Amino acid sequence: MATVLATESNLQQTVMRAENDYREFIDSFIERPRMYLHRVSLDTAIAFLVGYDCATNHCLLRGFTNWMATEFQGSPSLGWQGLLRAKYSEQEPKSGDPAPDSAELTFVVRVLSQFFCQREAPERG
């Protein structure tokens, strides 16, 4: 029994360290997204985040789909990618607006920032 508890404690510590590493990455991504994305668009940002989330064994975006479904009043069956696309298309800049790629990137960064701030809020309290 003691071995099982020690193993669970070690696992929790490992997860907490990994989440700190992910948080450092996401902070860097939010501050300098063009450092990670060659071509900036909603689709390339989604593809990059899907890949990074897979590399972190789906820890990076844990809870993102449910948060987006609640935040944007959508169906979680769309997945966070579909919810993100649907929400962006509602507020997509009009044709003729300058730099649509920049608007897409700003949108993704804003949504990620909101998600991580709210996901960390209970831990801070």
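Residues numbered from 1 in each chain as written. Predicted model: local features only at pLDDT ≥ 70, side-chain atom pairs only at ≥ 80, totals over all residues. Heavy atoms only, no water.

*Asks:* So what's going on with the overall build of the protein? Which residues, and what values?
*Replies:* Tallying secondary structure elements over the protein gives five helices and zero strands in all. In the protein, the succession of helices and strands from N to C terminus is α-α-α-α-α. The proportion of buried residues among the 125 residues of the protein is 33%. Taken as a whole, the protein presents about 7,800 Å² of accessible surface, with 54% of it coming from carbon and sulfur. (Helix = DSSP H or I, 4+ residues; strand = E, 2+ residues; numbered from the N terminus. Buried < 20%, exposed > 50% of the residue type's maximum accessible area, 1.4 Å probe, protein only. Areas by Shrake-Rupley, 256 points an atom, 1.4 Å probe, with all protein chains shown as cover.)

*Asks:* Describe the nonpolar core, naming the residues involved and giving the relevant values.
*Replies:* Ranked by size, the top nonpolar core spans 29 residues in total, and within it Phe64, Met68, Leu84 and Leu112 carry the most contacts. Those elements that place two or more of their residues in this core are helix H1 (2-31), helix H2 (42-55), helix H3 (64-71), helix H4 (79-90) and helix H5 (100-124). Setting aside residues no more than four positions away along its own chain, Leu112 makes contact with Ile26, Phe29, Ile30, Leu49, Leu61 and Phe64. (Core = buried A, V, L, I, M, F, W, Y, C linked by side-chain atoms within 4.5 Å. Contact = heavy atoms within 4.5 Å.)

*Asks:* Which residues make up H2, and what values do they have?
*Replies:* Its 14 residues give H2 an end-to-end C-alpha distance of 20 Å, which sits within 8% of 20 Å, the value for a rise of 1.5 Å per residue. Considered for burial, the residues of H2 that qualify are Leu42, Ala45, Ile46, Leu49 and Asp53. Along the axis of H2, the buried residues cluster in a sector spanning 100 degrees; they form a single face. Among the exposed residues of H2, those oriented more than 90 degrees off its buried face are Ala47 and Ala55. Once H2 ends, the next one or two residues include Asn57, with phi positive near 55 degrees. (Expected span 1.5 Å × (residues − 1). Arc of directions from axis to C-beta.)

*Asks:* A description of the packing of aromatic side chains should follow, citing residues and the corresponding values.
*Replies:* With the rule as written, the count across this model stands at 15 aromatic pairs. Here Phe64 and Trp80 contribute two aromatic rings whose centre-to-centre distance is 5.4 Å and whose plane-to-plane angle is 50 degrees, an arrangement assigned as tilted. Within this pair, whereas Phe64 is found in helix H3, its partner Trp80 is found in helix H4, the two being separated by 16 residues in sequence. The pair formed by Phe64 and Trp80 is uniform in burial state, with each residue classed as buried. Judged by centre distance (6.1 Å) and plane angle (65 degrees), the rings of Trp67 and Phe72 are edge-to-face. No difference in accessibility class separates Trp67 from Phe72, as the two residues are buried. Each residue in the set Phe64, Trp67, Phe72, Trp80, Phe115 and Phe116 is aromatic and connected to the rest through ring pairs, giving one cluster. (Phe/Tyr/Trp six-rings, centres within 6.5 Å; stacked < 30°, edge-to-face > 60°.)

Treat this as a map of the structure, not an account of what it does.
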